[in-house]
Structures are given as C-alpha cells and as structure tokens.
Amino acid sequence: INAEYGYAETKELMVRVLRSVPLNASPINIGLLDFLQLGIITAQQTNNKVLADQINQIISNLQRLEAAGFVPKGDQYEGFLRDVAIHVHNRKDILMQQKREVTRLTSALDSLQRHSSYMSDQIGDYQKYLIECRERYQPRKKGKVKKKLGPYKFDFKELVKKGVIADPEGMHQSWQKKSTFIITCETTGVFEIEAKVAGVAVEKVALDLDDLLDKLHSGVDHLELDQFTLDVNLTLHLLNKLFGIFQS
C-alpha cells in the first residue's frame, strides 16, 4: 500500500465509520481501537456488512502504515485522530464554499435566463418591426423587370450635396471632379451603382434592398465601399425617388 494514499484512504474511511456508529455507543475518552471494536459490535447488531468491512479495512491499513513507520502506535493513534478531525473540519469548509458557489452560480444562471428572455423579447420586437418596415417599403413587383430602369447619371458633387456620399474625403481629391456615378435597376430590389473616373470604371456594386433595410433598422448608418462610402438612409431615399418601386 502506498503510505500517503493509504493514510488518506484510512482518514476517509474513518469519517464514514464515525457517521455510522451512534455517539451514545462510545464511552468518553475511549481509544481508537476500542472505538473500532464497538463499531464492529454495532455492525453485527444491525447486520451492517458495509460498516464491518470499513472498520476491518481501517484496522488493516493502520497495521500496514505502522509497519511502514508512517503511523506510530505508541500514542494510541492520537496523531491520526487529530488528522481525521482536521480533515472533517476542512471538509466542512469545502462544503460551505461549495454551497456558496452553488448559490452564486444559481444567481448568475437566473440572471442569464432573465437576460436571455429579455433578448428574445427584443429580437421578437425587432423582427416584428422589420417585417412592418419591409411591408411599408414592399416593391410593387418582384423578379425580372420588363425593361431596364435607368441609367441615372450623377456627378460626385451632386451625390455629396444629396448626402448619399457620406465621406467626400474618402475619394481621392484628384478623382472627385472627374467622377460620375451611374445607377441602374435591371432586377426589382437590386440596384447597380457604377463609379467612373474620366470615363473609366473604377468600381461597380450591386445593392440589395433587403440588405439596405437590414442595415438601416440595425442602426448601421454607412455602407463602406472600396472607393466611396454611402449614407444608407439617404441612399434608400434616392433609390425610392428614382425608381418609384416603394409603396408610399
């Protein structure tokens, strides 16, 4: 038997025996071995085989530990009993800590559940609001339009004045006077914006109506592209004015 492991095992077994043997069965100042003998009598009287096996294991372990010089017998195992008492005290402290931790975790879980419920309500409210917004701005027709809508042509200065381009400084200054923007709609709900500098295309993007509405109602004010930045709200306003595809 490994001495340290055997000692720890024996202390644990002793705690279990102390729980099983009635206190009134033990006279005051009784030694450990006498207490264990009373425990064996209690086990026989109650037909408790588990208790008897535990006591026999304690006695066997103590003999081996004594033979290994790990436990002195001369003090009637008082040192061992002191360690058992300390073990019981420490266990009580651990149990109290565990109870406090359980209380803390339970409180944290309740808080998380309340927050989760709140977020679910918020998401539900947002989804309802988004559906209402989409119904308000529902295109009159869906799918491929019969003929191409546009193109509509604007220069850089016009879109800045309308507030559609949110960050004028984002485009290279030498490009600004030479820049034109062509807006078309070949499929309802999808808008193409092509930026040209001196007649040369530098960027072409497709804007989806649902994506723009998602950004608007999620509080996303700007849509950053490679060469310029759009104001989401004013871009929607311009598209509505140009193509007239939103219900009023």
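(A) Up close: the pattern of salt bridges. What the rule picks out here adds up to four salt bridges. Linking R16 and E12 is a salt bridge whose minimum nitrogen-to-oxygen distance equals 3.7 Å. Pair noted here: R16 and E12 are both in helix α1 (residues 3–20), with a separation of four residues, about one helical turn. The class of R16 is partly exposed, set by a relative accessible area of 38%.

(B) Quick look at helix α2 (residues 32–46). Between its first and last C-alpha atoms α2 spans 21 Å; for 15 residues at 1.5 Å apiece the expected length is 21 Å, and the two agree. Of the positions making up α2, those classed as buried are L32, F35, L36, G39, I40, T42 and A43. All buried residues of α2 fall inside an arc of 160° around its axis, so they share one side. Pointing more than 90 degrees away from the buried face of α2 are the exposed residues Q44 and Q45. Among the residues trailing α2, N47 stands out with phi positive, at a value near 55°.

(C) Quick peek at the packing of aromatic side chains. This model, assessed by the stated rule, comprises six aromatic pairs. When the ring of Y152 is compared with that of F243, the centres are 5.4 Å apart and the planes differ by 85°; the resulting orientation is edge-to-face. Taken together, the residues Y152 in strand β1 (residues 144–155) and F243 in helix α8 (residues 232–243) connect sequence positions 91 residues apart. Owing to a relative accessible area of 11%, F243 belongs among the buried residues under this scheme. Arranged with centres 5.2 Å apart and planes meeting at 85°, the rings of F181 and F228 form a pair that is edge-to-face. Taken as a pair, F181 in strand β2 (residues 179–187) and F228 in the loop between β5 (222–224) and β6 (229–231) lie far apart in primary sequence, 47 residues in all. In this pair, the class of F181 matches that of F228, namely buried.

(D) Geometry of the nonpolar core. In terms of nonpolar packing, the biggest core is built from 26 residues, with F181, I183 and I193 touching the most fellow members. Of all the secondary-structure elements, those providing two or more residues to this core are α5 (156–161), β2, β3 (190–197), β4 (200–208), α7 (209–217) and α8. Setting aside residues up to four positions removed in sequence, F181 forms contacts with Y152, K153, F154, D155, F156, L159, I165, M171, I193, E194, A195 and F228. Residues L13, L32, I40 and L51 belong to the second largest nonpolar core, which totals 22 residues.

(E) Region of interest: a positive patch on the surface. Residues K157, K161, K162, K177 and K241 make up a contiguous surface patch of positive charge. By the secondary structure assignment, K157 is in helix α5. K157 gets classed as exposed once you look at its relative accessible area, which sits at 67%.

(F) Summary view of α7. When we look at burial in α7, the residues that qualify are L209, L212, L213 and H217. With its buried residues spanning 120° around the axis, α7 presents them on a single face. Among the residues of α7, the N-terminal cap falls to D208, whose side-chain oxygen and the backbone nitrogen of D210 are separated by 2.9 Å. One or two residues past the end of α7 sits G219, with phi positive at roughly 80°.

(G) Representation of the pairing of β4. Note that β3 and β4 share eight bridges and pair antiparallel. Looking across to β4, one finds that E192 is bridged to A206. What sits between β3 and β4 in their antiparallel hairpin is a turn of two residues, with A198 showing a positive phi close to 55°.

(H) A look at the environment of L18. Within the secondary structure, L18 sits in helix α1. As for L18 and G39, which are separated by 21 residues in sequence, their C-alpha atoms are 8.8 Å apart.

(I) Region of interest: the pairing of β2. Most of β2 sits out of view: seven of its nine residues are buried. Where β2 and β3 come together, seven bridges link them in antiparallel fashion. Residue T184 lies in a different strand from β3, and its bridge partner there is E192. As consecutive antiparallel partners, β2 and β3 are separated by two residues, and within that stretch G189 has a phi angle of approximately 90°, a positive value.

About the criteria used
- Residues numbered from 1 in each chain as written.
- Predicted model: local features only at pLDDT ≥ 70, side-chain atom pairs only at ≥ 80, totals over all residues.
- Heavy atoms only, no water.
- Salt bridge = Lys/Arg side-chain N within 4 Å of Asp/Glu carboxyl O.
- Helix = DSSP H or I, 4+ residues; strand = E, 2+ residues; numbered from the N terminus.
- Buried < 20%, exposed > 50% of the residue type's maximum accessible area, 1.4 Å probe, protein only.
- Expected span 1.5 Å × (residues − 1).
- Arc of directions from axis to C-beta.
- Phe/Tyr/Trp six-rings, centres within 6.5 Å; stacked < 30°, edge-to-face > 60°.
- Core = buried A, V, L, I, M, F, W, Y, C linked by side-chain atoms within 4.5 Å.
- Contact = heavy atoms within 4.5 Å.
- Patch = residues over 30% accessible without salt bridge, like charges linked within 9 Å, V, L, I, M, F, W, Y side chains within 5 Å.
- Areas by Shrake-Rupley, 256 points an atom, 1.4 Å probe, with all protein chains shown as cover.
- Lys, Arg positive; Asp, Glu negative; His and termini not counted.
- Charge placed at Lys NZ, Arg CZ, Asp CG, Glu CD.
- Polar contact = N/O pair within 3.5 Å; in protein donor to acceptor, adjacent residues only side chain to side chain.
- Pairing = 2+ DSSP bridges.

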